[in-house]
Every structure is written in structure tokens, then in C-alpha cells.
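Take a look at the letters that make up each chain.
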Amino acid sequence: MRILKPGDPCPCCGQPIKEGLPTETIMLLSWLQEGKDLLAATKGVNNETTDN
């Protein structure tokens, strides 16, 4: 997982992340970005199994 830094775009609103945010907030935003990245990577993948 990539940890976001001040200046990176916020995964919620797209604005640059401000300096001075608590570590917990940065970790939460990083976790949200990771989830969005995983969701985008799995779009279009067929999750149904076939019995062929």
C-alpha cells in the first residue's frame, strides 16, 4: 500500500492533502485510495464460475 503524503490528491475530494494532518487521518485516506485502486483494477473481471 502506498502511503499518501501532503500535496497528494485526496481520494475523497481530489484536493491536495494539507500539511499537519494526524497520522491516523493520513492512514485512513491511504486505505481509501488503496480500496479505490483495487476496485478500479477489478472492474470488468468476471467473478462467476462456469461449469465447463
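In case you missed it, the structure is sitting above this.
Residues numbered from 1 in each chain as written. Predicted model: local features only at pLDDT ≥ 70, side-chain atom pairs only at ≥ 80, totals over all residues. Heavy atoms only, no water.

Caption draft 1: Layout of a nonpolar patch on the surface. Where nonpolar side chains cluster on the molecular surface, the patch consists of Met1, Ile3, Met27, Leu28, Trp31 and Leu32 and spans about 580 Å² of accessible area. With respect to the secondary-structure elements, methionine 27 resides in helix α1 (residues 23-42). When its relative accessible area of 36% is taken as the criterion, methionine 27 is described as partly exposed. (Patch = residues over 30% accessible without salt bridge, like charges linked within 9 Å, V, L, I, M, F, W, Y side chains within 5 Å. Areas by Shrake-Rupley, 256 points an atom, 1.4 Å probe, with all protein chains shown as cover. Salt bridge = Lys/Arg side-chain N within 4 Å of Asp/Glu carboxyl O. Helix = DSSP H or I, 4+ residues; strand = E, 2+ residues; numbered from the N terminus. Buried < 20%, exposed > 50% of the residue type's maximum accessible area, 1.4 Å probe, protein only.)

Caption draft 2: Quick look at the environment of glutamate 19. One can find glutamate 19 in the segment before α1. In this structure glutamate 19 comes out as exposed when scored by relative accessible area, which is 68%. As for glutamate 19 and proline 6, which are separated by 13 residues in sequence, their C-alpha atoms are 5.3 Å apart.

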